[in-house]
Amino acid sequence: MTRNFKLLVFDWDGTLMDSEARIVSCVRAATRDMAIETPPDEQIRNIIGLGLKEALEMLFPGSSEPFKERFIDCYRHYFLNEDSTPSLLFPRAMEVLNRLAEQEYLLAVATGKGRPGLNKVLDETGLGPLFHATRCADETFSKPHPEMLLQIMDELGVEPADTLMIGDTEYDLQMAINAGTQGLAVSYGVHTVDRLNRFNPLGCLDDIGELADWLNQ
């Protein structure tokens, strides 16, 4: 039986792009600039998918707004201009997105990135024209709040029952639940399969390239 979704909403980091190493590198660089202790890499990886302010609250609980603003400026400086750590699309990501576009799915991105960061990678990859809508954490509430998904569905005129959220973290799957949509996990990102399965996704793909076939099962 075909799974009759109209709208497919993708997380970006850890789902379409292997950007974990670059994000960790930029956080580490920002902590050096601010002369503060650098959290362990495992803690940094755990916050991937959240908005920057929410991520900083987890990494540095109780930190002030001026601290967060300064840290975000440092982080974005490295991410947008200085850090050369490679961030590549996962194998077959471009192939499957083009295939889904040909099948006339509505495609969207809901990401913890800020708008400058998302625009940068959409431009670098050439994928921007494939997406009908995008939302970033600096434009609305961060995951797992449902607002990003709700805004995308409202913009494109799609009901929750016709929407699938695809992501590699519990934040993506909890956002889907909060928005009344279904969620699909991928196993190769920052959160473990056991952790993802606690949110009852429809499935868990080991390769994003499997998505088109999964939808047609």
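See the structure printed just above.
Asks: Any chance you could break down unusual backbone geometry for me, citing the residues and the numbers?
Replies: That bond from lysine 143 to proline 144 is cis: its omega, 5°, falls within 30 degrees of zero. When you line up the elements, proline 144 lands in the loop between β5 (133-136) and α7 (147-156). Phi at alanine 35 takes a positive value of approximately 55°, unusual for a residue other than glycine. Along the chain, the position of alanine 35 falls in the loop between α1 (20-33) and α2 (41-46). According to the relative accessible area criterion, alanine 35 is exposed, its value standing at 71%. A positive phi is found at asparagine 200, a non-glycine position, where the angle reads about 55°. In this fold, asparagine 200 is placed in the loop between α9 (193-197) and β8 (204-205).

Asks: How would you summarise the packing of aromatic side chains if you had to cite specific residues and measurements?
Replies: Per the stated rule, a full pass over the model turns up six aromatic pairs. Summarising the aromatic geometry, the rings of phenylalanine 60 and phenylalanine 71 are spaced 5.7 Å apart at their centres and angled 55° between planes, so their arrangement reads as tilted. You can see phenylalanine 60 sitting in the loop between α3 (52-59) and α4 (65-82) and its partner phenylalanine 71 sitting in helix α4, a full 11 residues away along the chain. Taken as a pair, phenylalanine 60 and phenylalanine 71 share a single burial class, namely buried. Grouping aromatic residues by their ring pairs yields a cluster made of Phe60, Phe67 and Phe71.

Asks: Now, about the layout of surface pockets: what can you tell me, with residues and values included?
Replies: Approximately 160 Å³ is the volume found for the largest pocket. Taken together, 14 residues make up the lining of the largest pocket; nearest its centre are Leu52, Lys53, Arg76, Ala137 and Asp138. Contributing elements (two or more residues each) for the lining of the largest pocket: α3 and α4.

Asks: Describe the pairing of strand β6 (residues 163-167), and please don't skip the residues or the numbers.
Replies: Counting buried positions along β6 yields five of five residues, so the element is predominantly enclosed. Side chains of β6 alternate between two faces, with Thr163, Met165 and Gly167 and Leu164 and Ile166 buried alike. For strand β1 (residues 7-10) and β6, the ladder comprises four bridges, and the chain directions are parallel. The residue of β6 that forms the bridge with leucine 7 is threonine 163. For the handedness criterion, the β-α-β arrangement of β6, helix α8 (residues 170-179) and strand β7 (residues 182-186) is classed as right-handed.

Asks: Describe in detail empty space enclosed by the protein, supporting the description with residues and values.
Replies: Throughout the structure, instances matching the rule amount to two cavities of 30 Å³ or more. Each pocket or cavity is described by its volume, and for the largest cavity that value is around 230 Å³. In terms of lining residues, the largest cavity is bounded by 19 residues, among which Leu52, Tyr75, Gly112, Lys113 and Gly114 are the most central. Counting only elements with at least two residues in the lining of the largest cavity, the list comes to α3, α4 and α6 (115-125). Of the residues belonging to the lining of the largest cavity, the class tally is 10 nonpolar, five polar and four charged. Here the second largest cavity is characterised by a volume of approximately 40 Å³. Lining the second largest cavity, in full, are Val27, Ile47, Leu52, Ala55, Leu56, Leu59 and Phe71.

Asks: Please give an account of the state of the cysteines that cites residues and values.
Replies: Throughout the structure, instances matching the rule amount to zero disulfides. Free of any disulfide, cysteine 26 has its nearest neighbouring cysteine sulfur in cysteine 74, separated by 11 Å.

Asks: Can you explain α3? Please cite residues and give values.
Replies: Three or more residues of α3 are buried, namely Leu52, Ala55, Leu56 and Leu59. Within α3, the buried residues cover an arc of 100° as seen down the axis, which keeps them to one side. In this structure, the buried residues of α3 make contact with α1, α2 and α4.

Asks: Which residues make up the packing of α3 against α4, and what are the values?
Replies: Between α3 and α4, the least distance of the axes is 10 Å, while the angle of their chain directions is 115°. Relative to α4, the element α3 is oriented roughly perpendicular. The two elements α3 and α4 meet at a crossing, and its hand is right-handed. For the pair formed by α3 and α4, the contact residues are Leu52, Lys53, Leu56 and Glu57 on the first element and Glu65, Lys68, Glu69, Phe71, Ile72, Tyr75 and Arg76 on the second. The residue makeup of the contact of α3 with α4, split by class, is five nonpolar, no polar and six charged.

About the criteria used
- Residues numbered from 1 in each chain as written.
- Predicted model: local features only at pLDDT ≥ 70, side-chain atom pairs only at ≥ 80, totals over all residues.
- Heavy atoms only, no water.
- Helix = DSSP H or I, 4+ residues; strand = E, 2+ residues; numbered from the N terminus.
- Buried < 20%, exposed > 50% of the residue type's maximum accessible area, 1.4 Å probe, protein only.
- Phe/Tyr/Trp six-rings, centres within 6.5 Å; stacked < 30°, edge-to-face > 60°.
- 1 Å grid on protein atoms, 1.4 Å probe; cavity = no way out; pocket = protein on both sides within 12 Å on 5 of 7 lines; lining within 4 Å.
- Points joined across faces, edges and corners; volume = space filled by probe spheres on them.
- Pairing = 2+ DSSP bridges.
- Right-handed = clockwise from strand over helix to strand, strands pointing away.
- Nonpolar A, V, L, I, M, F, W, Y, C, P; charged D, E, K, R; others polar.
- Disulfide = S-S within 2.5 Å.
- Arc of directions from axis to C-beta.
- Contact = heavy atoms within 4.5 Å.
- Axes fitted to C-alpha atoms, helices over the stretch in contact; angles between N-to-C directions.
- Parallel < 35°, antiparallel > 145°, perpendicular 65-115°, else oblique.
- Left-handed = near helix turned anticlockwise from the far one by under 90°.

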